[in-house]
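Structural overview for review
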Amino acid sequence: MDNSRTPLMKPAIPLMVLIALIFWTEMGIMLLLPELGMPDRLKDAVQDALLLVLLLSPSLYYLLYRPLRRQIDERESLLHKLNTSEALFRSVTHTAIDAIVSADADGRIIFWNRGARLIFGYAEAEALGSLVTRLMPERYRPAHQAALTRLATTGQTRYSQQVVELSGLRKNGTEFPLEISLGSWMVGSKRYFSSVIRDITERQRIAAEQKANEARLQAQADLMEQFRLLIDHSMDSIFVIDPETSRILDANKAAAHALGHTPEELLQRRVVDIQTVLPDPLAWKRQVLDLEERGSMLIEGQHRRRDGTTYPVEVSLRYLKDRQPPRIVAIARNIQERKIHEQTILKLNRQQDLILNAAGEGIYGVDRDGRTIFVNRAAAAMTGWQPEELVGRPQHEVWHHSRADGSPYLPENCPVYAAFRDGQSHSVDDEVFWRRDGSAFPVEYTSTPIRDGDALTGAVVVFRDISQRKAEERELREAKARAEQANRAKTAFLAAMSHEIRTPLNSILGMGEVLAETDLTPEQRQCLTVCDRAGDALLAVINDILDLSKVEAGQLELYLAPFTLREFLERTMDILRVQAREKHLELSHRLAPELPLTVLGDQQRLRQVLVNLLGNAIKFTDAGSVTLTVQPTLERDQVLFAVRDTGIGIPAEQQQRIFEPFTQAEVSFTHRVGGTGLGLAICKRLVDKMGGVIRVESTPGRGSTFAFQIVLPASDSTAGNEFARLERRAYDRQQQPAAPRSLRILVVDDHEDNRHLVRAFLKQTPHVLEMAEDGFQALEKFQAAPWDLVLMDIQMPGMDGFEATLKMRAWEALQQRSLPTPIVAVSAHAMREISERIQAVGCNLHLTKPLMKKRLLGVIDHFARGRPPG
């Protein structure tokens with residue numbers, strides 16, 4: 001029997017054994033029957049039965065075994081087919097390069113082929129029984145679980161009977177692209193599914209390369225198309241030429257248009273037919289051999305049009321030896337317009353040379369390396385060179401190598417070079433250039449960058465010899481020095497004159513005030529009045545001269561502070577009311593309501609201008625009125641002041657001169673009323689200083705109007721109101737009598753008359769005075785006893801007031817006094833330098849002589865109220 005059928009015979013063996021057992025059992029019973037002692041009839045019946053069973057046994061075997069044999073044969077046939085099919089399946093699946101994986105409904109792998117091992121890296125033993133989710137990345141596992149659930153419920157999956165692309169996960173943890181097709185089947189009530197998986201990494205790589213190649217090919221095609229369009233739209237003529245025959249193989253539209261041919265006609269031509277430089281094939285061969293050796297060249301020639309006319313061209317030739325067969329590419333440009341420009345440039349250059357050489361200044365140019373690129377004759381003549389000797393040489397080394405003192409001048413510090421480094425023009429007027437003979441001369445020069453588009457290519461330098469100007473400047477400096485020396489001498493003279501005049505004037509006017517307080521006869525009072533007026537006039541002259549000197553020397557400074565305009569005008573008008581009343585004149589002022597309440601300015605200098613103008617108006621008006629109007633102007637922060645009178649007026653020819661020093665109008669009248677001619681000159685300079693302008697309008701016999709406008713910006717209203725309140729309180733306090741409290745006052749003065757004057761001024765006060773004749777005595781008394789106030793004369797023999805004050809302040813510092821004694825300087829000097837020096841040594845205040853009683857008492861009252869006795 002065939003070995004393949006032996007298992008199928010096993011069910012028939014028990015049947016044969018049973019029949020044999022029956023046979024032998026019957027034989028044994030029949031042999032034992034005679035010995036059993038049974039009745040013969042019964043014995044015969046048993047033997048017949050046994051014989052019948054024995055006779056029927058083969059039939060029983062035949063009836064039972066044949067159907068079973070057929071089933072066995074059919075089963076063996078099916079089993080053989082199944083074994084063959086399984087062998088074929090295993091042979092096919094294990095030889096497939098794709099992965100074939102089967103799993104049960106729980107997702108556990110039940111089949112794993114060789115392709116799956118190669119793709120995923122797991123051996124069959126590792127894979128079987130494990131979950132199929134180990135083959136997929138983490139992000140796909142929830143979707144896989146949902147698919148299993150849907151499969152268990154509906155029997156369908158989203159990707160059944162489809163081929164999809166996903167990502168797989170190899171044993172080594174790397175992901176890879178795969179293509180998978182899914183199928184499922186039922187065995188009884190159980191569902192299974194299988195998948196065919198293909199690694200498409202290489203396919204995707206090939207597809208990507210193919211796509212990239214297609215993109216490159218398309219880009220090359222696009223580039224060729226663009227290149228062709230570029231060639232066809234080029235304004236230059238472009239030819240592809242056969243080097244052997246000089247025949248034109250290809251040409252762009254510009255070439256055909258330039259030569260007057262159609263593109264088809266041009267392709268029938270040779271190079272020797274369209275140009276005049278190479279008239280025959282032999283000349284063309286020589287040109288080709290030269291081009292082949294050099295690779296490329298640039299030549300100029302003539303192209304001949306179809307109608308026989310020619311035009312100049314510049315041709316760029318390139319020999320393409322790598323191409324088989326070799327080709328020549330020629331690019332020709334019509335340079336007829338350039339030739340015209342070149343001729344124009346040559347003409348302009350000739351004109352430029354004429355202009356440069358006609359210029360009186362030295363002119364030269366340098367490139368970015370500092371080398372001279374051109375130089376005019378004037379520059380060469382001033383430096384002692386010939387123009388052709390300078391071109392190409394570094395100009396810095398030729399005539400700009402050293403400074404005036406002979407020290408080296410480094411190129412990196414040269415302003416000429418700086419022009420083409422930073423793109424800015426540089427002007428210099430304090431350097432020297434050096435001549436060929438080694439001598440130097442002062443120059444003034446400007447270095448301007450040369451630009452070619454956005455690029456800096458060099459610089460142009462224009463210079464001139466300023467030897468004569470330097471000499472003139474030296475003369476001017478010397479003249480200025482002499483003028484400054486004369487001005488200092490004038491200032492010293494004015495200071496000395498002021499001191500020498502103010503010192504006796506102090507006694508004259510002071511004693512006049514003291515005398516006026518005594519009982520005098522009318523004639524004596526009249527004489528005293530004349531003396532006072534003469535003294536006031538003399539003091540006014542001195543003050544005017546000093547003010548004018550300060551303005552001209554630039555020493556006059558403005559002290560800006562907020563003040564109320566209305567209060568200021570009322571107090572200014574009060575100064576002049578007595579003078580106007582004596583002449584029976586109407587004196588009034590009008591203030592525009594739109595003006596700010598408080599303004600910022602120097603009210604002392606403004607009052608000086610107004611008092612001068614109003615005083616002049618009263619002085620030159622015998623009848624009528626003098627009016628001051630104040631109003632804003634259209635310009636911001638500008639205020640207009642106008643003083644109108646009904647006086648004698650000023651002739652037109654003199655109106656421009658009256659603001660000059662020592663100039664007066666209407667000499668006969670001014671002699672009668674007096675004056676120095678300095679008031680208006682000072683007014684003009686003060687108005688100028690305050691940022692304004694002054695003018696006059698006048699008609700002889702009908703009056704004059706002096707008007708000026710200055711900058712008076714509005715001040716903060718709150719601060720201005722507070723300032724006005726304090727100012728008003730100070731003004732009211734000045735009208736009150738001095739405080740009765742007694743002070744110990746040390747009076748220091750080397751003139752007995754001045755000491756006597758101070759004693760007379762303070763005779764009616766409770767203050768206690770002690771006199772010192774010089775600085776030594778003053779210092780001794782200052783250290784011997786406490787003092788509430790010191791009146792210190794500045795100019796004294798021996799130890800003057802400056803030194804005495806310094807020593808007093810030093811002694812106080814040694815004594816560690818927390819509150820220094822007030823020291824008021826009294827001096828006949830009114831110059832700014834003296835005032836600054838007085839403040840520097842430690843004085844609290846400076847009073848100029850002549851001393852006025854009211855002013856002195858006011859100062860003493862200030863210290864009496866502000867400081868308790870020491």
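Looking at the overall build of the protein
Scanning the protein for helices and strands turns up 28 helices and 27 strands. The buried share of the protein, taken over its 870 residues, is 38%. Carbon together with sulfur atoms contributes 55% to the accessible area of the protein, which is approximately 50200 Å² in total.

Notes on a nonpolar patch on the surface
Residues Ile110, Trp185 and Val187 make up a contiguous nonpolar surface patch of roughly 260 Å² in combined accessible area. Residue placement: Ile110 occurs in strand β2 (residues 109–112). Residue classification places Ile110 among the partly exposed residues on the basis of a relative accessible area of 40%.

Comments concerning the pairing of strand β1 (residues 99–104)
When you tally the buried positions in β1, you get 6 out of 6 residues, the bulk of the element. Along β1, one buried face is formed by Ala99, Val101 and Ala103 and the opposite face, lined by Ile100, Ser102 and Asp104, is buried too. Relative to strand β5 (residues 190–199), β1 is paired through 6 bridges, and the arrangement is antiparallel. Residue Asp104 lies in a different strand from β5, and its bridge partner there is Tyr192. The pairing of β1 with β2 spans 3 bridges and is classified as antiparallel. When the sheet's bridge partners are listed, Ser102 is paired in β2 with Phe111. Turn length for the β1-β2 hairpin, with the two strands adjacent in sequence and antiparallel, is 4 residues, and the turn residue Gly107 shows positive phi of about 85°.

Notes on the side chain of Arg755
Position of Arg755 among the secondary structure elements: in helix α24 (residues 752–761). Not counting the four nearest positions on each side in its chain, Arg755 is found in contact with Asp749, Asp750, Met771, Ala772 and Glu773.

Observations concerning helix α25 (residues 775–784)
In an α-helix there are 3.6 residues to a turn, and that puts residues three or four apart on one side. Along α25, the residues classified as buried are Gly775, Ala778, Leu779 and Phe782. End-on, the buried residues of α25 take up no more than an arc of 100°, which puts them together on one face. Of the residues in α25, the exposed ones pointing more than 90 degrees away from the buried face are Phe776, Glu780 and Ala784. Buried residues in α25 make contact with β23 (744–748), β24 (768–772), β25 (789–793) and α26 (801–814). Sitting at the head of α25, Asp774 places a side-chain oxygen 3.3 Å from the backbone nitrogen of Phe776.

A look at the sheet that holds strand β13 (residues 426–434)
Overall, antiparallel pairing links the 5 strands, which are arranged β12-β11-β15-β14-β13 in an open sheet. Both outer strands of the open sheet, β12 (372–375) and β13, are each paired with one neighbouring strand and no more. When the angles between neighbouring strand axes are averaged without regard to direction, this sheet yields 30°. As paired strands, strand β14 (residues 440–452) and strand β15 (residues 455–465) are joined by 10 bridges and run antiparallel to one another. Counterpart to Val443 in the pairing with β15 is Asp465. Sheet strands touched by helix α16 (residues 415–422): β11 (362–367), β13, β14 and β15. Its angle to β15, the strand with the most contacts, is close to 150°.

Reading the values: rules and limits
Residues numbered from 1 in each chain as written. Predicted model: local features only at pLDDT ≥ 70, side-chain atom pairs only at ≥ 80, totals over all residues. Heavy atoms only, no water. Helix = DSSP H or I, 4+ residues; strand = E, 2+ residues; numbered from the N terminus. Buried < 20%, exposed > 50% of the residue type's maximum accessible area, 1.4 Å probe, protein only. Areas by Shrake-Rupley, 256 points an atom, 1.4 Å probe, with all protein chains shown as cover. Patch = residues over 30% accessible without salt bridge, like charges linked within 9 Å, V, L, I, M, F, W, Y side chains within 5 Å. Salt bridge = Lys/Arg side-chain N within 4 Å of Asp/Glu carboxyl O. Pairing = 2+ DSSP bridges. Contact = heavy atoms within 4.5 Å. Arc of directions from axis to C-beta. Polar contact = N/O pair within 3.5 Å; in protein donor to acceptor, adjacent residues only side chain to side chain. Axes fitted to C-alpha atoms, helices over the stretch in contact; angles between N-to-C directions.

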